Amino acid sequence: MTPTLFLLSPASCTGKRAQMLLRDGAEFALAVRVRSDDGAPIGEVFAFLSGLYFRGKLAYARRFARPPAGVAGVQVITASRGLLDADTHVTLDDLREFSTASIDIGNDAYRAPLEAASALLARRSKRARAVLLGSIATDKYVGILQTAFENRLVFPRAFVGRGDMSRGGLLLRCAEAGEELEYVPIAGAVRRGQRPPRLPRKR
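Novice: Teacher, can you tell me more about the packing of aromatic side chains here?
Specialist: Where two aromatic rings form a pair, the distance of their centres and the angle of their planes describe that pair. Throughout the structure, instances matching the rule amount to six aromatic pairs. When the ring of Phe 46 is compared with that of Phe 98, the centres are 6.4 Å apart and the planes differ by 70 degrees; the resulting orientation is edge-to-face. You can see Phe 46 sitting in helix H3 (residues 42–50) and its partner Phe 98 sitting in helix H5 (residues 92–100), a full 52 residues away along the chain. Assessed through its relative accessible area of 4%, Phe 98 is described here as buried.

Rendered as structure tokens:
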């Protein structure tokens with residue numbers, strides 16, 4: 001089977017759930033862990049911050065990642081640290097740093113680490129395809145990642161026309177059912193389209 005990596009777009013570190021997590025005196029389990037010296041895995045933290053969308057991305061990526069030896073198969077895009085293994089622990093200070101960084105290709109503090117990390121990952125996984133689970137309609141991720149991976153950068157065809165919640169729900173269902181989606185190269189692909197029918201309600 002084709003070696004496969006997943007690149008997950010980040011969760012917002014400035015929304016209401018981020019405020020809950022970063023609030024002084026927050027006592028729920030994840031907040032306590034984030035404030036500790038050990039921190040908590042960035043995948044788990046971003047799943048809390050984003051809810052359904054990131055939970056779906058993470059579950060799907062963990063289910064279908066087939067990385068080359070020595071390479072983490074699930075990588076998270078960050079606002080200032082390039083790509084991080086989804087199991088990398090982050091602390092309160094890290095999240096505060098992410099919350100002040102702008103995810104904009106014109107921002108060197110975001111662009112330069114991501115360029116370096118994606119170039120290194122592409123060299124270490126020369127036969128693998130890299131599946132972007134994130135926004136495909138803009139170049140804030142695509143432009144940088146495509147430079148590194150070229151035609152190996154792909155995305156799920158079913159993403160076209162779907163909003164974040166629909167993508168999250170679709171990915172969760174596919175992960176639970178063990179059904180991998182079809183991927184197409186981002187280069188030359190139609191990245192915007194008509195909204196597909198709503199997902200049927202789960203029984």
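Novice: How do you make sense of helix H6 (residues 108–124) when you look at a structure like this?
Specialist: An α-helix turns once per 3.6 residues; consequently, residues spaced three or four apart project the same way. Taking 1.5 Å per residue as the helical rise, H6 with its 17 residues ought to reach 24 Å, and the 24 Å between its terminal C-alpha atoms agrees with that figure. Turning to H6, its buried residues number three or more, namely Tyr 110, Leu 114, Ala 117, Ser 118, Leu 121 and Ala 122. Across the axial projection of H6, the buried residues extend over an arc of 135 degrees, all falling on one side. Lining the buried residues of H6 we find strand E1 (4–8), strand E3 (74–77), strand E4 (83–85) and helix H7 (139–149).

Novice: Would you mind showing me how to read the environment of Leu 132 here?
Specialist: By secondary structure assignment, the location of Leu 132 is in strand E6 (residues 129–133). It is 4.9 Å that separates the C-alpha atoms of Leu 132 and Leu 7, two residues lying 125 residues apart in sequence. In this view, Leu 132 contacts Leu 7, Ile 77, Tyr 141, Val 142, Leu 145, Leu 153, Val 154, Phe 155, Pro 156, Phe 159 and Ile 186; residues no more than four positions away in its chain are not counted.

Novice: Can you walk me through the pattern of salt bridges in this structure?
Specialist: If the charged atoms of two oppositely charged side chains come close together, the side chains can form a pair. Going through the model one piece at a time under the given rule, you end up with 10 salt bridges. Glu 180 is the salt-bridge partner of Arg 66, the closest N and O atoms lying 3.1 Å from each other. Here Arg 66 is found in the loop between helix H4 (52–64) and E3, whereas its partner Glu 180 is found in the loop between helix H8 (164–177) and strand E8 (183–185), with 114 residues between them in sequence. Residue classification places Glu 180 among the partly exposed positions, given a relative accessible area of 28%. Of the charged contacts in the structure, one is a salt bridge between Arg 129 and Glu 180, with a shortest N-O distance of 3.9 Å. Here the residue Arg 129 occupies a position in strand E6, and Glu 180 occupies one in the loop between H8 and E8, the gap between them amounting to 51 residues. One salt-bridge network, in which partners are shared between bridges, spans Arg 66, Arg 129 and Glu 180.

Novice: Help me understand unusual backbone geometry, please; the structure alone is not making it clear to me.
Specialist: Excluding glycine, most residues fall at negative phi; most peptide bonds, likewise, are trans. Backbone geometry places Glu 150, a non-glycine residue, at a positive phi of 55 degrees. Of note, Glu 150 is situated in the loop between H7 and strand E7 (153–156). On the basis of relative accessibility, which here comes to 55%, the residue Glu 150 falls in the exposed class.

Novice: What is the right way to look at the packing of H6 against H7 in this model?
Specialist: Two measures define how a pair of helices packs: the angle their axes make with one another and the distance between the axes. It is at 8 Å that the axes of H6 and H7 come closest, and there the two elements cross at 35 degrees. The crossing of H6 and H7 is right-handed. Within the contact between the two elements, H6 uses Tyr 110, Arg 111, Leu 114, Glu 115, Ser 118, Ala 119, Leu 121 and Ala 122 and H7 uses Lys 140, Tyr 141, Ile 144, Leu 145, Ala 148 and Phe 149. Counted by class, the contact of H6 with H7 contains 10 nonpolar, one polar and three charged residues.

Novice: Would you mind going over the pairing of E7 with me for this structure?
Specialist: Each regular strand carries side chains that alternate between the two faces of the sheet. The two faces of E7 match: Leu 153 and Phe 155 on one face and Val 154 and Pro 156 on the other face are all buried. Where E6 meets E7, two bridges bridge the pair, whose relative direction is parallel. When the sheet's bridge partners are listed, Val 131 is paired in E7 with Val 154. Crossover handedness for the path E6 to H7 to E7: right-handed. The pairing of E7 with E8 spans three bridges and is classified as antiparallel.

Novice: When you look at the environment of Phe 98 in this model, what are you seeing that I'm missing?
Specialist: Along the backbone, Phe 98 and Thr 14 are 84 residues apart, and their C-alpha atoms lie at a distance of 8.8 Å. Each residue touching Phe 98, except ones within four places of it in the same chain, is listed here: Cys 13, Ile 42, Phe 46, Thr 78, Ala 79, Ser 80, Arg 81, Leu 84 and Val 90.

Novice: What exactly am I supposed to notice about the sheet that holds E6 here?
Specialist: Adjacent strands of a sheet pair through backbone hydrogen bonds, lying either parallel or antiparallel. Spatially, the six strands line up as an open sheet ordered E4-E3-E1-E6-E7-E8, and their pairing is mixed. Strand pairing shows two members of the sheet lacking a second neighbour, E4 and E8, which therefore form its edges. The sheet shows a mean angle of 35 degrees between the axes of neighbouring strands, direction not considered. In this sheet, E6 lies alongside E1 in parallel orientation, the contact comprising five bridges.

Each value, and the rule that gives it
Residues numbered from 1 in each chain as written. Predicted model: local features only at pLDDT ≥ 70, side-chain atom pairs only at ≥ 80, totals over all residues. Heavy atoms only, no water. Phe/Tyr/Trp six-rings, centres within 6.5 Å; stacked < 30°, edge-to-face > 60°. Helix = DSSP H or I, 4+ residues; strand = E, 2+ residues; numbered from the N terminus. Buried < 20%, exposed > 50% of the residue type's maximum accessible area, 1.4 Å probe, protein only. Expected span 1.5 Å × (residues − 1). Arc of directions from axis to C-beta. Contact = heavy atoms within 4.5 Å. Salt bridge = Lys/Arg side-chain N within 4 Å of Asp/Glu carboxyl O. Axes fitted to C-alpha atoms, helices over the stretch in contact; angles between N-to-C directions. Left-handed = near helix turned anticlockwise from the far one by under 90°. Nonpolar A, V, L, I, M, F, W, Y, C, P; charged D, E, K, R; others polar. Pairing = 2+ DSSP bridges. Right-handed = clockwise from strand over helix to strand, strands pointing away.

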